[in-house]
Amino acid sequence: MTYRIGLALVIGVVALAVLGPWLSPYDPAAQWLPLRLQGPTWAHPFGLDELGRDILARLIVGARISLLVGVAVVSVSASVGLVIGAIAGYTGGWVDALIGRVMDVLLAFPGILLSIALVAVLGPSLAHVVLALVVGGWVGYARLVRGQALKLRELEFVQAARAIGAPTWRVLRDHVVPGVLPALIVQSTLGMAGAIIAEASLSFLGLGVQPPTPSWGTMLDAGRGHLLDAPHLTLVPGLAIALLVLGLNFVGDGLRDRLSPRG
Amino acid sequence: MTIPVILGVATLVFSLIHLVPGDPAQSMLGESAALGDVVELRARLGLDRPVMTQYVEYLSRAARGDLGTSFRYQTPVTKEIGARLARTAQLACAAMAIAMLIAIPLGTVAAVFRGRAIDQVAMTLSLVGVSLPNFWLGPLLAMVFAVGLGWLPVSGAGSLAHLVLPAITLGAALAAVLARLTRTSVIEELQELYVVAARARGLSWLRTVIRHALRNSLVPVVTVIGLQFGAVLTGTIITETIFAWPGLGRLLIQAIGFRDYPLVQGCILFIAVTYVGMNLLVDLAYGWLDPRIRVR
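Caption draft 1: Expanded view of the overall build of chain B. Each helix and strand in chain B was counted, giving 14 helices and zero strands. Walking chain B from its N terminus toward its C terminus, one meets helices and strands in the order α-α-α-α-α-α-α-α-α-α-α-α-α-α. Dimensions of chain B, computed from the C-alpha atoms along their principal axes, are close to 85 × 55 × 30 Å. In chain B, which comprises 296 residues, the proportion classed as buried is 46%. In chain B, the proportion of contacts linking residues at least 24 apart, taken out of those at least 6 apart, comes to 69%. Of the roughly 14,300 Å² that chain B leaves accessible, carbon and sulfur atoms contribute 65%. Computed over 23 positive and 16 negative side-chain charges, the separation of the two mean positions in chain B equals 13 Å.

Caption draft 2: A look at the overall build of chain A. When helices and strands are counted, chain A shows 10 helices and zero strands. In terms of principal-axis extent, the alpha carbons of chain A reach across some 75 × 45 × 25 Å. Expressed as a percentage of its 263 residues, the buried residues of chain A come to 51%. For chain A, contacts bridging at least 24 residues in sequence account for 71% of all contacts bridging at least 6.

Caption draft 3: Here's a closer look at the packing of helix α1 (residues 2-18) of chain A against helix α10 (residues 232-259) of chain A. Residues and elements named next belong to chain A. As a packed pair, α1 and α10 sit with axes 7 Å apart at the nearest point and diverge in direction by 135 degrees. Judged by the inter-axis angle, α1 sits oblique to α10. The chirality of how α1 crosses α10 is left-handed. For the pair α1 and α10, the contacting residues are T2, Y3, I5, G6, L7, L9, V10 and V13 in the first and L243, L244, L246, G247, L248, F250, V251, G254, L255 and R258 in the second.

Caption draft 4: Molecular detail of the interface of chain A and chain B. Between chain A and chain B, the contact holds 40 residues from the first and 41 residues from the second. Here chain A meets chain B over a buried area of about 3,500 Å², counting both sides, of which 84% is carbon and sulfur. For the pair chain A and chain B, the number of links is one salt bridge. Linking D253 of chain A and R180 of chain B is a salt bridge whose minimum nitrogen-to-oxygen distance equals 2.9 Å. Counting every contact that joins chain A to chain B gives three residue pairs in polar contact (both at pLDDT 80 or more). Every element with two or more residues in the side of chain A that touches chain B is listed here: α4 (93-107), α5 (113-122), α8 (168-204) and α10 of chain A. With 11 residues, the top contributor of residues to the side of chain A that touches chain B is α10 of chain A.

Caption draft 5: Quick look at a nonpolar patch on the surface. Residues and elements named next belong to chain A. Among the surface-exposed residues, V14, V18, L19, W22 and L23 lie close enough to one another that they form a single nonpolar patch of about 540 Å² accessible area. Secondary-structure elements contributing two or more residues to the nonpolar patch are α1 and α2 (20-23). Counting through the fold element by element, W22 comes out in helix α2.

Caption draft 6: Structural detail: the nonpolar core. Counting residues in hydrophobic clusters, the biggest one holds 154 residues, and the most contacted among them are I116 and W216 of chain A together with V9, F135 and L252 of chain B. Contact partners of F135 of chain B, with chain neighbours within four places excluded, come to I197, A200, S201, F204, L220 and I241 of chain A together with I238 and I242 of chain B. With nine residues, the next largest nonpolar core counts I187, V209, A213 and L214 of chain B among its residues.

Caption draft 7: Focus on the side chain of S201 of chain A. Topologically, S201 of chain A is positioned in helix α8. A polar contact of 2.7 Å, which involves the side chain of S201 of chain A, links it to the backbone oxygen of I197 of chain A. Every residue in contact with S201 of chain A, bar those within four places of it in the chain, is listed here: I112 of chain A together with F135 and I238 of chain B.

Caption draft 8: Representation of the pattern of salt bridges. Residue and element names in this part refer to chain A. Evaluation of the coordinates by the stated rule reveals 16 salt bridges over all chains. Ionic pairing is found between R101 and D104, a salt bridge with its closest N-O pair at 3.5 Å. Here the residue R101 and the residue D104 both occupy positions in helix α4, the gap between them amounting to three residues, near one helical turn. The exposure class of R101 is partly exposed, given its relative accessible area of 40%. Salt bridges sharing partners connect three or more residues here, namely D49, E50, R53 and R58.

Caption draft 9: Molecular detail of unusual backbone geometry. Between P211 of chain A and P212 of chain A the backbone carries a cis peptide bond, its omega angle lying at 10 degrees. Tracing the sequence through the fold places P212 of chain A in the loop between α8 and α9 (216-223). Even without glycine at this site, Q74 of chain B takes up a positive phi of about 55 degrees. The exposure class assigned to Q74 of chain B is partly exposed, which follows from its relative accessible area of 46%. One non-glycine residue with positive phi stands out, namely R259 of chain B, at about 50 degrees. Using a relative accessible area of 41% as the deciding quantity, one classes R259 of chain B as partly exposed.

About the thresholds
- Residues numbered from 1 in each chain as written.
- Chains lettered and ligands numbered in written order.
- Predicted model: local features only at pLDDT ≥ 70, side-chain atom pairs only at ≥ 80, totals over all residues.
- Heavy atoms only, no water.
- Helix = DSSP H or I, 4+ residues; strand = E, 2+ residues; numbered from the N terminus.
- Buried < 20%, exposed > 50% of the residue type's maximum accessible area, 1.4 Å probe, protein only.
- Contact = heavy atoms within 4.5 Å.
- Areas by Shrake-Rupley, 256 points an atom, 1.4 Å probe, with all protein chains shown as cover.
- Lys, Arg positive; Asp, Glu negative; His and termini not counted.
- Charge placed at Lys NZ, Arg CZ, Asp CG, Glu CD.
- Axes fitted to C-alpha atoms, helices over the stretch in contact; angles between N-to-C directions.
- Parallel < 35°, antiparallel > 145°, perpendicular 65-115°, else oblique.
- Left-handed = near helix turned anticlockwise from the far one by under 90°.
- Buried area = accessible area lost by both parts, 1.4 Å probe.
- Salt bridge = Lys/Arg side-chain N within 4 Å of Asp/Glu carboxyl O.
- Polar contact = N/O pair within 3.5 Å; in protein donor to acceptor, adjacent residues only side chain to side chain.
- Patch = residues over 30% accessible without salt bridge, like charges linked within 9 Å, V, L, I, M, F, W, Y side chains within 5 Å.
- Core = buried A, V, L, I, M, F, W, Y, C linked by side-chain atoms within 4.5 Å.

Below, the structure written as structure tokens:
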């Protein structure tokens, strides 16, 4: 049940991002200053922001940015993590030890601290946010894949492949990677929720996407100054983030149940 | 294992200033700064020396507790961190206490009524809690309890009332994680034979759950509380920014805004080392709580 709700929420946000121009005819940068902070009306269903810009139009662009960051961060992090984790787990020895130490150091930075540190020195921008989230993000995937690869390399079919002389890359490609994919898919779905929250957090702190480009995080930050006179500035983007993240968490949880061997 | 990790963390933090595009001294002073000022600041930061010399000096100073001088405040970085540490600790402890007060009863009730409506509601609530970003929950709580009802102050620090909203904002996600874990842990314990034995001796169901199952299931919960300390630490960065709470997280964000790189490096290093230290304590505590691990 929750899986279907999650799927519906995610599809809803994707539809919002794709069908945007048909849903809201307004330019997200166009300003109606006399109507600034106006609440929801038929013309502007989510109201106008502090500069009189249509919140729905900005929400649509923000959805694209959130999804773009989520997909970019997860696909790069998962790919890097898959390759490094599979090599570490399958080959073992000093390679595994070296990769393990690098992962230990990166894991010593809790949450988005490393991303904050990197964006702080590189400067705030969408590209730097993606880079910073990938630098901290691949480790989780690598650790997962490494653990699975360690288990898989002891299984008979993998040992049989090695025994008949299959090169390491082929054993990894044909036997280890397919074995770790279900767990990786679940982690990627949950990771996408994490990446979207992280991007919004960085933008909220002024370290992510820079105005006037709308991001859900920057929209929330702008709304903080108008809690009393225009609560819709905070409610709308926050609800959008929460629903998308909830949807991804529901889907991730559902996939875990469906893809786990016991399920 | 801890010392090589701390050394790696310090190396990464040291290299941060070298990742600044262009000249860090110029970046700190601004584009219009006089060349003489830039050269002077570069010398003051030690950036005019070979990188290896800078690195060795950075490590040796950090090992002695010297994290450099803040560019904005012109005071030792450790002094600035020290002045705000108590506030962050206060907020983090309050958030963890609130999380436990919510999560342990909720998780236990969900486990006892496993599969029933109350369990599904509790677990859906916890998933909602995980999905609610603290940078939204914070303003929402402020909107209702500070702006709307006027019960609590909207920002700042000083009294217990100031602590309530930031602590709930910070503790909500942790409560959600802990509730799920408590549920799993209590379910496992309820299947143990000693629970059946306790029931056979005539103990009431409530007493069996609270005195026996819950008590034993708390070992992994306590461990995860320790491990979640990192999430709480980074959560303080956003929570302190929302509520203008004068702690370490807000100091870090302000330092980034002022391009005070020594202070940024100091805060990052301090938070990461605290987290590593906390993980070490959790490892040791785990062995102390569960004798089987000590034996292994």
